[in-house]
There are 4 protein chains.
Amino acid sequence: MRNHFDVIIIGAGVIGSSIAFNLVKQGRSVLVLEKGRIASQSSSAAAGMLGAQTELENDSPLFRLARESRGMFPDLALELKDLTGIDIELYQNGMLKVARSEEEASEFQRFIALQQKLGEEASWIDPYELQQREPLLEKKLYGAMSIPNDGNVSAPNLTKALSAAAMTSGAEIKEFTEVSEFVTDGNGITGVITTTQEAYHADRVIVAGGAWSRRLLKDAGHELDTYPVKGECFSVKTEKPIVNATIFSKGCYIVPKSGGRLIIGATEKAHSFDQKVSLESIAAMMGRATELIPALNQAEWDDAWAGIRPQTKDGLPYLGVHPEINGLFIATGHYRNGILLAPITGKLMADLVEGIGMNKDWATAFRLERNVIGVEKQ
Amino acid sequence: MRNHFDVIIIGAGVIGSSIAFNLVKQGRSVLVLEKGRIASQSSSAAAGMLGAQTELENDSPLFRLARESRGMFPDLALELKDLTGIDIELYQNGMLKVARSEEEASEFQRFIALQQKLGEEASWIDPYELQQREPLLEKKLYGAMSIPNDGNVSAPNLTKALSAAAMTSGAEIKEFTEVSEFVTDGNGITGVITTTQEAYHADRVIVAGGAWSRRLLKDAGHELDTYPVKGECFSVKTEKPIVNATIFSKGCYIVPKSGGRLIIGATEKAHSFDQKVSLESIAAMMGRATELIPALNQAEWDDAWAGIRPQTKDGLPYLGVHPEINGLFIATGHYRNGILLAPITGKLMADLVEGIGMNKDWATAFRLERNVIGVEKQ
Amino acid sequence: MRNHFDVIIIGAGVIGSSIAFNLVKQGRSVLVLEKGRIASQSSSAAAGMLGAQTELENDSPLFRLARESRGMFPDLALELKDLTGIDIELYQNGMLKVARSEEEASEFQRFIALQQKLGEEASWIDPYELQQREPLLEKKLYGAMSIPNDGNVSAPNLTKALSAAAMTSGAEIKEFTEVSEFVTDGNGITGVITTTQEAYHADRVIVAGGAWSRRLLKDAGHELDTYPVKGECFSVKTEKPIVNATIFSKGCYIVPKSGGRLIIGATEKAHSFDQKVSLESIAAMMGRATELIPALNQAEWDDAWAGIRPQTKDGLPYLGVHPEINGLFIATGHYRNGILLAPITGKLMADLVEGIGMNKDWATAFRLERNVIGVEKQ
Amino acid sequence: MRNHFDVIIIGAGVIGSSIAFNLVKQGRSVLVLEKGRIASQSSSAAAGMLGAQTELENDSPLFRLARESRGMFPDLALELKDLTGIDIELYQNGMLKVARSEEEASEFQRFIALQQKLGEEASWIDPYELQQREPLLEKKLYGAMSIPNDGNVSAPNLTKALSAAAMTSGAEIKEFTEVSEFVTDGNGITGVITTTQEAYHADRVIVAGGAWSRRLLKDAGHELDTYPVKGECFSVKTEKPIVNATIFSKGCYIVPKSGGRLIIGATEKAHSFDQKVSLESIAAMMGRATELIPALNQAEWDDAWAGIRPQTKDGLPYLGVHPEINGLFIATGHYRNGILLAPITGKLMADLVEGIGMNKDWATAFRLERNVIGVEKQ
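Here the residue numbering is sequential within each chain, running from 1 through the sequence in written order. Written order decides the labels, with chains lettered from A and ligands numbered from 1. Totals for whole chains, interfaces and linings use every residue, but because this is a predicted model, local features are given only for residues with pLDDT of at least 70 and side-chain atom pairs only at 80 or more, for both listing and counting. Excluding hydrogens and water, the side-chain values take into account all heavy atoms of the structure.

## What to know about helix α8 (residues 279-292) of chain C
Note: α-helices contain 3.6 residues per turn, so residues at a spacing of three or four share the same orientation. All names here are of chain C. What counts as a helix is a DSSP run of H or I of at least four residues, what counts as a strand is a run of E of at least two, and both are numbered from the N terminus. Each helix should span, by expectation, one fewer than its residue count multiplied by 1.5 Å. Over its 14 residues, α8 runs 20 Å from end to end, which matches the ideal 20 Å to within 8%, given 1.5 Å per residue. Partly exposed residues are those whose accessible area sits between 20% and 50% of the maximum for their type, while under 20% is buried and over 50% is exposed, using a 1.4 Å probe and protein chains only. Buried within α8 we find Leu279, Ser281, Ile282, Met285, Met286, Ala289, Thr290 and Leu292. Down the axis of α8, the buried side of the element spans an arc of 160 degrees, and every buried residue falls inside it. Directions pointing from the helix axis toward each C-beta atom define the arc.

Structure representation (structure tokens):
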């Protein structure tokens, strides 16, 4: 196998795969090194919500990034289907953020006003209309914020499709290949070495290893302040769809999938790589979900799992160039928005590799200098 | 393949396999016809409790059968391990039936007196001693009935071991082979015909098809009053064992298995062959189990499943000769006691086939005449 | 639950689900009774080839049915995606039937002439062009018959989508519900009784139970000459697609699926409901497939399975009205063409239920009278 | 949780778990840190042969270690069953190393003479007797070396039982916890830091991470010359056992397991962490196995998998103290003998931690100094 590439990407999750796909489309030769299997960690564990407006509650670079990324999904879905045969199951049925108290109702209405000012569609649904639209929701809710443009995709399918599209378009992806160190010379990065002592060369290396990025950078003497946050989910099956839109409330979301399946999530347990699902977590999520939709009690149990999301101290992802090592790029810290942000992250990082966009707003907001601390290795 | 046998058994669950094993040890040529896979239905779904004293609350033929069957397990475990390499995981750690009210405490104490009169070991454990023996049980229980001789086995392992032992000892077991009709002549049964139109001959046929026995007999013009009762369970994993004995309370049991695994059960839904597990059932079982043992909240979710148990109108199994068709035997209706009763059922049915034991107490109590109604086929 | 319906369908495989979907679209109330789970047998085991021209080698009612059914897939794919969110993964990349000898080359060329005469697209591809189109095929082939309009779908997805679409459109599907007998009066059928003694009423009942249809009809005193044919398959995964079209040779097909997966099949073992895959079968299929495409040697092993296809004595399906029982319809015997023929079967049977199409060519060709033998129950 | 321990062990495979179990029995407080799940890598992938004499062909420290370890299994099996309820499925049916040529026959006979000289049981079985003992072996073999004392265990069960026994006896095992660096002071090691920045303290740390040990040591500036060797296997199921002993030939072994299951292995692919099983590998192993035992052709396909074994340059494991870092111990490089050597490795490493046995033969043979190269971190 060749061992010189234009760009090496570390990690074949949704972020690494999206960057790879964008780079090969720009004509770059790309190698992706994945320590386990493609899409084997949080990229497959996610519920796949595209909550650009649901979860991001004020104007900010992250909000604008999310909005732009959400807008890329319809075309991306067609492109991926065409290249790989994989349907990413893009649902554009909207999201309902339901209010369980007067206070939440007021809060959501203020939030709607803000969204509208920013040019986004959002509207208030009163309890009567909510029952019309979602008859199986519990009767005592105080209304809902309706966000017609937030939807969801199949997170595993999106990740597999992006990696398959990258490979079909010319990228090499090597699974079960763990990078143990970077190779540098006086001018910056020149490649990586794997745990089987193989060397691969490139003068651009992008770390997209999610919550696992930190160790690799630390071994290179650089401290990233990301930390893992475990999220537990479960899924059920129903014969007929029981909700039309994705239902979202504080502490609980219910995401309709193809064929009557629903994903319900999610817990948040910081500083843990543990992938076990506890009885307590299932009980808590079940309790909240069946309170919102009592008909879920009759749904069939399907599965439970956990994923490990990379969070940062200030809650913003790192998308940028390493401040000290020339040619080393980092794209991680997407926390609960990795699926939503994958399309735009792929595009921006590919641009960045070409030297484009360095001075844009988002590049400033998400640059590494805000937190990276270079430490001397003892 | 040969198609004449001394005995044909229909069903390779725990009952059919136990009968087959007993018959081949007596020198009989045996064919077992199983419509799906060995041990694929309730025989593998059971929690495997050997609750001879726990669940059977007064002296009766069924109680005596259960007690005798329980006593057969230690030797059977060794014999099966030796023949097949399969460990049936016989736990002899006893059972604690915990009282959650003064009324239950009184009831259980009366029951202990009865058991002792019958020569069985059973004793009252006060709340203090209960905490000594099971420190993770909730503190507010009113004590427990301790039954040192009730234990549990791995239900799937027992069934697989019995069928493997039968095959190793000479029985033929044909999986994916469904019997569609009996063949009879003026003197009684002479064989069966399968859904692939193959004929197998024997002048003794034993129906041991669990909840699925009824249809076959009905097709032959005979109505059995058994009905299916769905039972849902789930399992969890803990690093260290959190209970020593099997814990039993009204509506909930917690059965410790090898390696820190626990099975928690079970619901009862009559007249259903449905094998789906509902969210509601899991929530209810979780609630009861974590109330008894709060530490279960931290246990890791493992799996959930359902099994279909054959119940009868009077709650007693059918073990006997068909009243009208010479040579046709039936062994079903074991409800929640199929695992416990498998050893004795295997022995008794094998005896019955040889014409032994027809007049014994149990043979009278469980004979088919008490309920079977011969109906003319329209 | 209600228990009167316009039509009861027995079996929720691809045939029963397609009929149900067609009937509810015509405004009929429909109940589907499925003894196990939806799509749990051969409908999910199939490789999903739409081989209207590939496998059917002369003009005949079956060929015309297949051609018409194939033409229904593009619209059906859109309709099902829209109703259920499930992508049936319709591939329209064509089929290459490769010749491994001069004799096969001549035979296929004659066959192409016949197809063209019938107005179908088919053309001869010489060895050089074959290598251009499929560079990884072995070099020594004698050419191929190219059939641009034969493709493939995901058989499990098609079946799940049809059943979900039927349910969403108003059909009731009860899983784990086995019919044990028909209810009739002097005028014909009036309903069915299940193994839990529930009665459901309809004056039209359609048996679509695949290889399992025969027993039910036999219990009703009628002999159908269908028999089960076991087919074993396996699947592999490749990083990049290694073929463009479906590759077909005598005794082996290689069907490309989404994301680089390939299904390779299939054996044919008549008169067996056994679902085990033997080592010998895998070795034989591997040998043939890697001979055709040596690069398959490096593919990753994925899975192996078997399905049970319903075959008839003359190789034609039964689609029609029972000759003796008014209101009883039968749709089975599709053998290896169940997926391909599902759309047209659904439509024709729905028509037949309405009394339409009885005298059409196909209705004559596939009617039951050609073989059904009414037998007196002993 | 406490964070000071007497000993920290890195890796909860069969080696780490065995060391932990031995140390807690000696009264030590022990923490095991496992980056994934207990027994999730090669410890569960192994076929479990105890080939002390089969694979080790001349007198050597490794041979003596293997022999001693093999002798520990019977007592260990009882101890583990008692503590954890897990049966390690120790089979003591012996091993037959079959000769496929005159040359192999001569070679094996010389080897038998050597073994006997060393006091081991081994004898020559001529073709006639071989057929008596294993009637389903192919007829044309040239005889076999019979080794009555080599047997096999369930590798997953052994590993799970050792870790469960360690936990039950007081060890803490933290899964999903990856160590990223060692903490040292002037006197040697003082603890470790995990990828979630947790610090755990001990003045003895044992690296037992199998093929993954190297990266960790390298990050600490020390180069170990181990490398991963991928091994692929598959398993089948038979109704009745088809061999009595483990069958071993050059390039193929067939290991009988409980309930008629057989594991067949194994390939060897150096310098790979890849866990994919290729079609080519399965075909090659199937070919060899069915050549030895033609009846395997009718066996049912079960599963295929791969494991990653740690090999060293001279083929001997590393068992010893790090030459430069006080308190750092290493136990890896067991290659294909990890299961066989686990009991003795556990004991010897526990001794070594106590300062016992440093000067023994084996300690000299397997000490790290023979190969470890301290390198300065760039």
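## Here's the deal with the environment of Ala245(D)
Residue and element names in this part refer to chain D. Along the chain, Ala245 turns up in the loop between β14 (227-237) and β15 (246-249). Separated by 98 residues in the primary sequence, Ala245 and Ile147 place their C-alpha atoms 9.5 Å from one another. Here, residues are in contact when the closest pair of their heavy atoms is within 4.5 Å. Non-local contacts of Ala245, meaning those with residues more than four positions away in its chain, are made with Asn93, Gly94, Met95, Leu96, Glu134 and Pro256.

## What to know about the sheet that holds strand β8 (residues 172-174) of chain A
All names here are of chain A. Within the open sheet, the 6 strands sit side by side as β8-β2-β1-β12-β21-β20. Their pairing is mixed. If you trace the sheet from one side to the other, it starts and ends with β8 and β20 (318-321), each paired once. If you compare each strand with its neighbour and ignore which way they point, the axes differ by 15 degrees on average. As judged from the 3 bridges shared by strand β12 (residues 205-207) and strand β21 (residues 328-332), these two strands associate in the parallel manner. Counterpart to Val207 in the pairing with β21 is Ile330. One bridge is not enough; two strands pair if DSSP finds at least two bridges between them. Axis lines are fitted through C-alpha atoms, for helices just across the contact stretch, and the angle between N-to-C directions can take any value from 0 to 180 degrees.

## Quick notes on the interface of chain D and chain A
Taken residue by residue, the interface counts 27 residues in chain D and 27 residues in chain A. Note on definitions: salt bridges are taken to be side-chain nitrogens of Lys or Arg within 4 Å of carboxyl oxygens of Asp or Glu. Taken together, chain D and chain A are joined by 6 salt bridges. Here Lys218(A) and Glu181(D) are joined by a salt bridge, their closest N and O atoms 2.7 Å apart. Definition of a polar contact: a pair of N or O atoms within 3.5 Å, with one able to donate and the other able to accept a hydrogen when the atoms are protein atoms, and with sequence-neighbouring residues admitted only if both atoms are side-chain atoms. Taken together, the connections running from chain D to chain A amount to 8 residue pairs in polar contact (both at pLDDT 80 or more). For the side of chain D that touches chain A, the leading source of residues is helix α7 (residues 213-219) of chain D, giving 5 residues.

## Quick word on the pairing of strand β15 (residues 246-249) of chain B
Residue and element names in this part refer to chain B. Residues Thr246 and Phe248 point to one face of β15 and Ile247 and Ser249 to the other, with burial holding for every one of them. Taken together, the 3 bridges between β15 and strand β16 (residues 252-256) define a ladder with antiparallel strand orientation. From the neighbouring strand, Phe248 faces β16, where its bridge partner is Tyr253.

## What to know about the relation of the copies chain D and chain A
Once chain D has been moved 0.0 Å along the axis and rotated by 180 degrees, it coincides with chain A to within an RMSD of 0.0 Å. In symmetry terms, the pair is related by a two-fold rotation axis. Across chain D, the rotation axis passes nearest the C-alpha of Asp219(D), at a separation of 3.3 Å. The residues that chain D uses at the interface reappear at the interface of chain A in 100% of cases, marking a shared surface. Only residues with pLDDT of at least 70 in both copies count here: their C-alpha atoms drive the least-squares fit that superposes the copies.

## Some points on the pairing of strand β2 (residues 30-33) of chain D
Residue and element names in this part refer to chain D. Because side chains alternate across β2, one face comprises the buried residues Val30 and Val32, and the other comprises Leu31 and Leu33, equally buried. With 4 bridges joining them, strand β1 (residues 7-10) and β2 adopt parallel strand pairing. From the neighbouring strand, Ile9 faces β2, where its bridge partner is Val32. If the strands point away from the viewer and the path from the first strand over the helix to the second runs clockwise, then the crossover is right-handed. For the crossover from β1 across helix α1 (residues 14-25) to β2, the handedness is right-handed. The sheet contact formed by β2 and strand β8 (residues 172-174) spans 3 bridges and is parallel. Looking at β8, one finds that Val32 is bridged to Ile173.

## Points about the interface of chain D and chain B
Counting from both sides, the interface comprises 19 residues of chain D and, opposite them, 19 residues of chain B. Here's the idea: put two parts together, see how much 1.4 Å probe accessible area each one loses, and the total over both is what we call buried area. Around 1500 Å² of area is buried between chain D and chain B when both sides are counted, 40% of it from carbon and sulfur atoms. On the chain D side of the interface with chain B, the three residues burying the most area are Met167(D), Glu239(D) and Lys240(D), jointly 30% of the side's total. Along the contact surface separating chain D from chain B lie 4 salt bridges. The salt bridge involving Lys81(B) is made with Asp87(D); its shortest N-O contact spans 2.5 Å. Of all elements in the fold, only α3 (61-84) and α6 (155-168) of chain D reach the threshold of two or more residues within the side of chain D that touches chain B. Its residues assigned to classes, the side of chain D that touches chain B comprises 6 nonpolar, 6 polar and 7 charged. Here the nonpolar group is Ala, Val, Leu, Ile, Met, Phe, Trp, Tyr, Cys and Pro; Asp, Glu, Lys and Arg are the charged ones; every other residue, Gly included, is treated as polar.

## Looking at the confidence of the model for chain A
Residue and element names in this part refer to chain A. Note: pLDDT gives the predictor's confidence per residue, expressed from 0 to 100. For chain A, per-residue confidence averages 93 on the pLDDT scale, and residues scoring 70 or more make up 98% of the total. Between residues 372-378, whose pLDDT stays under 50, and residues either more than four places distant or in other chains, the model counts 16 contacts. For this predicted complex, the interface confidence score (ipTM) comes to 0.93, while the overall pTM stands at 0.95.

## Brief notes about helix α6 (residues 155-168) of chain C
Residues and elements named next belong to chain C. Look at α6: 20 Å from first C-alpha to last across 14 residues, which is about the 20 Å you get at 1.5 Å a residue. Of all 14 residues in α6, 10 are buried, a share of seventy percent or more. Along α6, the residues that are buried comprise Ala155, Leu158, Thr159, Ala161, Leu162, Ser163, Ala164, Ala165, Ala166 and Met167. On its buried face, α6 is in contact with α1 (14-25), α2 (42-45), α3 (61-84), β8 (172-174) and α9 (338-353). Put simply, Ser154 is the residue that caps the front of α6, since its side-chain oxygen is 3.2 Å from the backbone nitrogen of Asn157.

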